[in-house]
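Each chain is listed here by its residues.
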Amino acid sequence: YQALGLQEALKEMGHEPVFIDYVPEYLRGRISPFRGWIGRSPMMMRKVIARRFIEQIRRAKFRNFIKNSLNVSSRIGNKNALAKYCERFDAIIVGSDQVWNLAWQNEFDGTYFLDFLNDMKIKPRTIAYGACFGQYQQPRHLLEAAKRYLERFDFIAMRNAFGARILNELGVVTNPM
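### Focus: the nonpolar core
Okay, step 1: Formed by 32 residues in total, the largest nonpolar core has its most connected members in Trp100, Phe133, Leu150 and Ile156.
Okay, step 2: Where this core is concerned, the elements lending two or more residues are helix H4 (79-86), strand E3 (91-96), strand E4 (125-131), helix H5 (140-150), strand E5 (155-158) and helix H6 (161-170).
Okay, step 3: The leading source of residues in this core is H5, at 5 residues.
Okay, step 4: Once residues lying within four places of it in the same chain are set aside, the contact partners of Trp100 are Val94, Tyr112, Phe113, Ala128, Ala131, Cys132, Phe133, Gln138, Leu150, Phe153, Ile156 and Met158.

### Topic: unusual backbone geometry
Okay, step 1: One non-glycine residue, Ser96, lies in the positive phi region at around 120°.
Okay, step 2: Using a relative accessible area of 30% as the deciding quantity, one classes Ser96 as partly exposed.
Okay, step 3: The residue Gln98 is not glycine, and still its phi comes out positive at about 65°.
Okay, step 4: For Gln98, the location among the structural elements is in the loop between E3 and E4.
Okay, step 5: In this structure Gln98 comes out as partly exposed when scored by relative accessible area, which is 24%.

### Here we look at the packing of H5 against H6
Okay, step 1: The geometry of H5 relative to H6 is characterised by a closest axis approach of 10 Å and an angle of 80° between their N-to-C directions. What the angle tells us is that H5 and H6 run roughly perpendicular. Contact residues: Arg140, Leu143, Glu144, Lys147 and Leu150 in H5; Ile166, Leu167, Glu169 and Leu170 in H6.
Okay, step 2: Tallied by class, the residues present in the contact of H5 with H6 amount to 5 nonpolar, no polar and 4 charged.

### Side note on the pattern of salt bridges
Okay, step 1: Across all of its chains, the model carries 8 salt bridges by this definition.
Okay, step 2: A salt bridge links Glu144 to Arg140; the shortest N-O distance between them is 3.1 Å. Placement of the pair is Glu144 and Arg140 together in helix H5, with a separation of 4 residues, close to one helical turn.
Okay, step 3: In this structure Glu144 comes out as partly exposed when scored by relative accessible area, which is 40%.
Okay, step 4: Each of the salt bridges in this network shares a partner with another, and the network as a whole consists of Lys79, Asp109 and Asp115.

Reading guide: rules and limits
All chains use their own residue numbering, which begins from 1 and follows the written sequence. The predicted origin of the model limits local features to residues at a pLDDT of at least 70 and limits the giving and counting of side-chain atom pairs to 80 or more, whereas totals for whole chains, interfaces and linings rest on all residues. Remark: hydrogens and water are excluded; side-chain values derive from all non-hydrogen atoms of the structure. In this text, buried Ala, Val, Leu, Ile, Met, Phe, Trp, Tyr and Cys residues form a nonpolar core when linked through side-chain atoms within 4.5 Å. Three labels apply to residues, based on accessible area from a 1.4 Å probe with only protein chains included: buried if under 20% of the type maximum, exposed if over 50%, partly exposed otherwise in between. Where helices and strands are cited, they refer to DSSP runs of H or I of at least four residues and of E of at least two residues respectively, numbered from the N terminus. Only heavy atoms matter for contacts: two residues are in contact if any of them lie within 4.5 Å across the pair. As a rule, the C-alpha atoms of each element are fitted with a line to give its axis, helices using only the stretch in contact, and angles between N-to-C directions run from 0 to 180 degrees. Angles below 35 degrees are treated as roughly parallel, those above 145 as roughly antiparallel, those between 65 and 115 as roughly perpendicular, and all remaining angles as oblique. Polar here means any residue other than Ala, Val, Leu, Ile, Met, Phe, Trp, Tyr, Cys and Pro, which are nonpolar, and Asp, Glu, Lys and Arg, which are charged; Gly is therefore polar. The term salt bridge refers to a pairing of a side-chain nitrogen on Lys or Arg with a carboxyl oxygen on Asp or Glu at a separation within 4 Å.

See below:
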């Protein structure tokens, strides 16, 4: 409901928000309904099947909510297409639970830190709203890679205190809007 609330607030302010349908390659496996099937005992497979069935019902309801409630772009397949798509916006907002969880990455991917905006001639305003690292413990080398992009945000509002603490420890200060 955070997305719906944000969308409606932006509409009331006179904006035309669009949620961008982009999932980086390294996250696609994490959201696959087939993840975790290999190597299970028959007893565990029954539990996995039951759990996945319930999960698929929940996901179907969520997809229906998104389809009927949110203005979502068509699927964008890669970062080049993402950068091209974002040329039309005067502001880009990134955020939500675990959007900056670097523990999921083996190598730094700056997509959710908006690194793809580097080559744009006219840069949109960049805002983090309800952004979260997911957990306090993050790979230090990936945090250092993220720092230069975090410093470019015009405004950052963290979801929780430990995220704000991470930013503070990195020395990241953003300008208030």
